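Secondary and tertiary structure notes
Chain by chain, the residues:
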Amino acid sequence: MSLEEPRDQGTDAVATKPTTGDEIADLLGDLVVSREEHVNAPGFVIRPDTVQETLSRLRDEAGFDHLSCVTAEEYEDRYESIYHLTSYDDRTREASVVVPAAKDDPRSQSADAVFRTADWHEREAYDLVGIDYEEHPDLKRILLPDTWQGHPMSLDYDQDRPQVVTLKEWENPLADDHRENEGDTMYLNIGPHHPATHGVLHVKTVLDGEQVADVEPDIGYLHRCEEQMCQTKTYRHQIMPYPDRWDYASSGLLNEWAYARAAEDLNDIEVPEYAQIIRTMGAELCRIASHMLAVGTFALDVYGDFTAIFMYAMRDREIVQNILEDLTGQRMMFNYFRLGGVVWDLPEPRDEFFEKIRDFLDDLPGTLEEYHDLISSNEILQVRTIDTGVLPPEVAKSYGATGPVARASGIDYDLRRDDPYGYYDELDWDVVVEDGCDNYSRLLCRMREVEESAKIIQQCVDLLEDWPEDERTIQSNVPRTLRPEDDTEIYRAVEAAKGELGIYIRADGTDKPGRFKIRSPCFSNLQTLAEMSQGEYIPDMIASLGSLDIVLGEVDR
Amino acid sequence: MTAPLQSDTVLLPERIANLLGLSGVLGDVVGGLLGAFLIANLLLVQTAVAGPWAKRKITAAFTDRIAVNRIGPFGLLIIVADAVRLLSKELVVPEHVDRPAWDLGPIVIPFSALLGFAVIPMGSGIHLADPETGLAFAFAAASIASLGLVMMGYASNNKYSLLGGLRAIAANLAYEIPLIITAASVVIFTGSLQMSEIVAAQTEPLLTVAGVTIPQWFAFVNPFAFVLFVVANLAEVGRNPFDIPEAPTEIVAGYQTEYSSVLFVLIYLGEFIHIFLGGAIAATLFLGGPAGPGPESLGFIWFVAKIWAFYFFTQWMRSAIPRLRVDQFLDVGWKGMLVLSFANLVLTAIIVGVIA
Amino acid sequence: MIGLLKSMATTMKHALDGQTFTVEYPDVAPEVSPRFRGVHKFSQERCIWCRQCENVCPNDTIQIVQDDQRNGEQYNLHIGQCIYCRLCEEVCPVDAILLTQNFEFTADTKDDFVYNKEQLKNVPWYKDIDPLNSREPDRDAWIGEGDGEVDYQ
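Residues numbered from 1 in each chain as written. Chains lettered and ligands numbered in written order. Predicted model: local features only at pLDDT ≥ 70, side-chain atom pairs only at ≥ 80, totals over all residues.

Let us look at the overall build of chain C. In terms of helices and strands, chain C carries five helices and five strands. The N-to-C order of helical and strand elements in chain C reads α-β-α-β-β-α-β-β-α-α. For 153 residues, the compact-globule formula gives about 15 Å, and the C-alpha radius of gyration of chain C, at 21 Å, lies well above that figure. Seen along its three principal axes, the alpha-carbon backbone of chain C occupies a region of about 80 × 40 × 30 Å. In chain C, the share of contacts with a sequence separation of at least 24, taken over all contacts with a separation of at least 6, comes to 69%. (Helix = DSSP H or I, 4+ residues; strand = E, 2+ residues; numbered from the N terminus. Rg over C-alpha atoms; globule rule 2.2 N^0.38 Å. Contact = placed C-beta atoms within 7 Å.)

Backbone torsion omega between Arg99(B) and Pro100(B) reads 5°, so that peptide bond is classified as cis. Of note, the phi angle at Cys225(A) is positive, near 60°, even though the residue is not glycine. With respect to the secondary-structure elements, Cys225(A) resides in the loop between β10 (211–218) and α5 (226–231). Although it is not a glycine, Asp268(A) sits at a positive phi angle of roughly 55°. If you trace the backbone, Asp268(A) turns up in the loop between α6 (252–267) and α7 (273–303). Residue class for Asp268(A) comes out exposed when judged on the 8 C-beta atoms lying within 10 Å of it. (Buried ≥ 20, exposed ≤ 12 C-beta atoms within 10 Å, placed from the backbone.)

Here, the residues flagged by UniProt with the feature "domain: NADH:ubiquinone oxidoreductase 30kDa subunit" (unreviewed entry) are residues 45–161 of chain A. With 20% helix and 30% strand, residues 45–161 of chain A has its two end C-alpha atoms placed 35 Å apart. (UniProt positions renumbered as here; feature names shortened; annotations may be inferred.)

Let us now look at the UniProt feature "domain: NADH-quinone oxidoreductase subunit D" (unreviewed entry) in chain A. Mapped onto the present numbering, the UniProt feature "domain: NADH-quinone oxidoreductase subunit D" (unreviewed entry) falls on residues 307–557 of chain A. Its end C-alpha atoms 30 Å apart, residues 307–557 of chain A is made of 49% helix and 11% strand.

Bringing the domain arrangement of chain A into the picture now. All names here are of chain A. Assigned domains of chain A: these are domain 1 (8–134) and domain 2 (226–556). Between domain 1 and domain 2, the C-alpha centre-to-centre distance is 27 Å. Those elements that place two or more of their residues in the side of domain 1 that touches domain 2 are β3 (66–74) and α4 (118–128). Per-element tally for the side of domain 1 that touches domain 2: the top contributor is β3, with six residues. Residues that form the side of domain 1 that touches domain 2 fall into these classes: six nonpolar, eight polar and five charged. (Domains from an automatic or database assignment. Nonpolar A, V, L, I, M, F, W, Y, C, P; charged D, E, K, R; others polar.)

Residue and element names in this part refer to chain A. Here we have three strands laid out as an open sheet, ordered β13-β14-β15, and antiparallel in their pairing. Either end of the sheet is taken by a strand with one partner, and the two such strands are β13 (489–496) and β15 (513–519). Strand-to-strand twist of the sheet, defined as the mean angle between neighbouring strand axes without regard to direction, takes the value 15°. Note that β13 and strand β14 (residues 499–507) share eight bridges and pair antiparallel. Paired with Val 494 across the strands is Leu 501, a residue of β14. (Pairing = 2+ DSSP bridges. Axes fitted to C-alpha atoms, helices over the stretch in contact; angles between N-to-C directions.)

Right, let's talk about α6(A) for a bit. Residue and element names in this part refer to chain A. End to end, α6 covers 22 Å across 16 residues, agreeing with the expected 22 Å (1.5 Å per residue, within 8%). The buried count for α6 comes to 15 of 16 residues, which makes it a mostly enclosed element. Once α6 ends, the next one or two residues include Asp 268, with phi positive near 55°. (Expected span 1.5 Å × (residues − 1).)

This brings us to the environment of Thr280(A). Residues and elements named next belong to chain A. Take Thr 280: it is sitting in helix α7. Distance from Thr 280 to Gly 422, taken between C-alpha atoms, is 6.2 Å for residues 142 residues apart in sequence. In contact with Thr 280, not counting residues within four places along its chain, are Gly 422, Tyr 423, Tyr 424, Ile 456 and Cys 460.

Here the focus is the pairing of strand β3 (residues 72–78) of chain C. All names here are of chain C. Of the strand pairs in this sheet, strand β2 (residues 62–66) and β3 are connected by five bridges, and their pairing is antiparallel. Within β3, the position partnered with Val 65 by the bridge is Gln 74. The antiparallel pairing of β2 with β3 creates a hairpin that spans five residues between the two strands, and Arg 70 there sits at a positive phi of about 60°. Pairing between β3 and strand β5 (residues 114–115): two bridges, direction antiparallel. When the bridges of β5 are listed, Leu 77 appears paired with Tyr 115.

Structure (structure tokens):
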């Protein structure tokens, strides 16, 4: 149980707000064409030209202020977009708005006017599936290059068609460079190869002097068809190695949990308590490792040179990785979770393993003290980060920001508490919320979350140590082949290191998912970059980018 | 003024000329050239040690790593290996660069810094020239480097380079003035711009504490000016927290983005010599130049120790202090350093006026 | 100002304490946990050619060729493509394929990374750690058999 008082405004609000499917259907009235039932939420089928009306009514009158994800898919007879709605105040309230579009001319109204986050999500849906979103401000490809022919996730897509575009056919890459010859602004390509883009990210920047007039992140350089790959693998074994590779910056177990949670709920698999504790411990270790990297690289962005704090963070992350290696057998690509539990029990001798974790936890306060000495209490860093990259809570919500980015903007939202899974609700820890909305708050938020994670790990270790030897069940009985019923749909999310990592799965009656959609927290968080950095100096834009803590593997999938 | 350009002290060219038995114009020319050659090589050797080896070792110490240790004792032969590696790399000349400015820029930087060393008394009789305007010459020579930076920034035909070049000018304007004003407060004490005079003025004992004599180094006489000078000097040589013109995470590498191979080496060489020159001026003005315990012939050792201390300090800053944003950097320069340095100058003038 | 001095003091403390956390890699072998999953080792004597490993492999790293009588002829494994998920070891009913703790391998071309059954057999045991037992203490591998040499080139 979290120590936090139950938020009273939440309970009051929920009482008056429609929660059940029928209540929401009453609210929407004629807008609902028919009803569907998803495993996680009631689904409402609406007409494609009433998307904005439906979503704004749900947002304003029913409190569904978080558009978590947009899933698009092509069926034999139609196209379909699903808007997964939930609420920042009460994550357990969910609703799916299903928007079918005609097969021959898939048009659907854009939700961009209601939720800003729909911008990129719909671009992705257009790019991969081919639904045309009307009234979208800038509907163009997002993950694939502009010259790509066809939409890879549509049914008639020809996988073998060569997509080679010669340089001559391609728009002159330098042409953009000379945009606005007459104006006072300068167009600058930051990335895809730039020291501070944390991977292959291309930020199209328009500068006015040293100040940023406009920013447009250009993503997709690391697109590896992760969704499609998962659709060709079996639920039982083959998908699990891949989540490690989405957010590869050592938050593997958190990603695995996202898939495990969705697939377990889809197949009604129970996870033994003992395995849940191991999962919780492993996941929090991953969170520490991930936050260490985030803090280190953020410092690198601000300090600007290969500095001590980055190496210290790497050194401490290394200790976590060693523990994880002892537990899972790999340093980053763990593949440790299995549906229904984990693959191994703790390594023998157990005492030695516990000792190792305890040593790390004992050293952690001193380490963090050192970080505070080096970073957060440093006046120059404060001057650099306080009140820069400001992201007001309303804007953050509209963009679907989650994780430390949202929590540093004062949004009290953490799936571990709000939509409990694993063993979190049995443990004593707090959700870290900072009110500064700036780069400094995001930094502090991560550093404080490390402390909270340490608290969780401490309790898990205590529990595991005293666990009776004959009750150490690490896996429940799971059939060798899983075939969920045809047309079962589920959207489940967990709190990954970067925010809400959601998985949508539609089963098609086989042992492989019919549609596998990844809601990446980095994808939504990165969208806020333009909002944060307009009018700021280049260094602040770089710092804001660093404070978002994106991993391009997860943005591009 | 009819004062002689050279003072009475025996300078390095003269010694070399005497040693070779040459006199007159020929002696001046040969002595001067050989002296300059000697000093330049002394500095290049130090730079070679500083760049590929010491910098790595120092940074590694700060970051708990081991660093170069595979080739030779303490990894020292990495210097040779790196020299071969860097010089054998392909020199990439991007299209549309503005030659010859693009080629000249990297040459200007090390040579301007080396030029500054002409007037620095390095102890043990290593002193190339001692004009009456020595201090002004040193600053003037050091500032030529900015010209090189601007040339490189502008000629590279690259937006990052351009931003770096512009930042370099801004940095120079903002911090050169406080630097020189602070140096002027020393001149008030000495009453001379001549380097040898400045060093000589610092040999007097300041006070004796428990049998230890503290010399009248201006760092002890006026510590405030010393701190100001070191801070302004950091900006002048473009080191953290003022490495705005390079700013690797923001503008890639600033003015040097487009350089590779030999030209890249020249730029790095120039930057290191520049740090050493900054250290040399600071040592001469505030730390008694080559003064130190022991016989006078050890002067050069002390001098080298002092400039290396400054070099070490820049590396320490690099590990510990974040970079300022460009506007904050200029704020600190114009609104902070400039005001403080003028205050220091006026106060020093008043104090010296009252005491004298 | 105090924060700046604190930063400087902290870095200086680290510089002076002389501790390092990096290791001199080829001279000092880095610690590898017993559960670590590295290069595969294969035993033809054990293999029953059930092809489960080939089926479970998520990215077609394992290729098995059989004759008409379903006797095994080839067992090829592309260790350059492998993602070291260890599913092959997990499904193998006879423990014929194992992931040792070896993590070093080199090749001149990508093709050299395709190991046939002989090469797989010759992958040495790493420091006599029983990989299977370290992961699942109730199972033992055939450690000691078929010890080969590593060709690091």
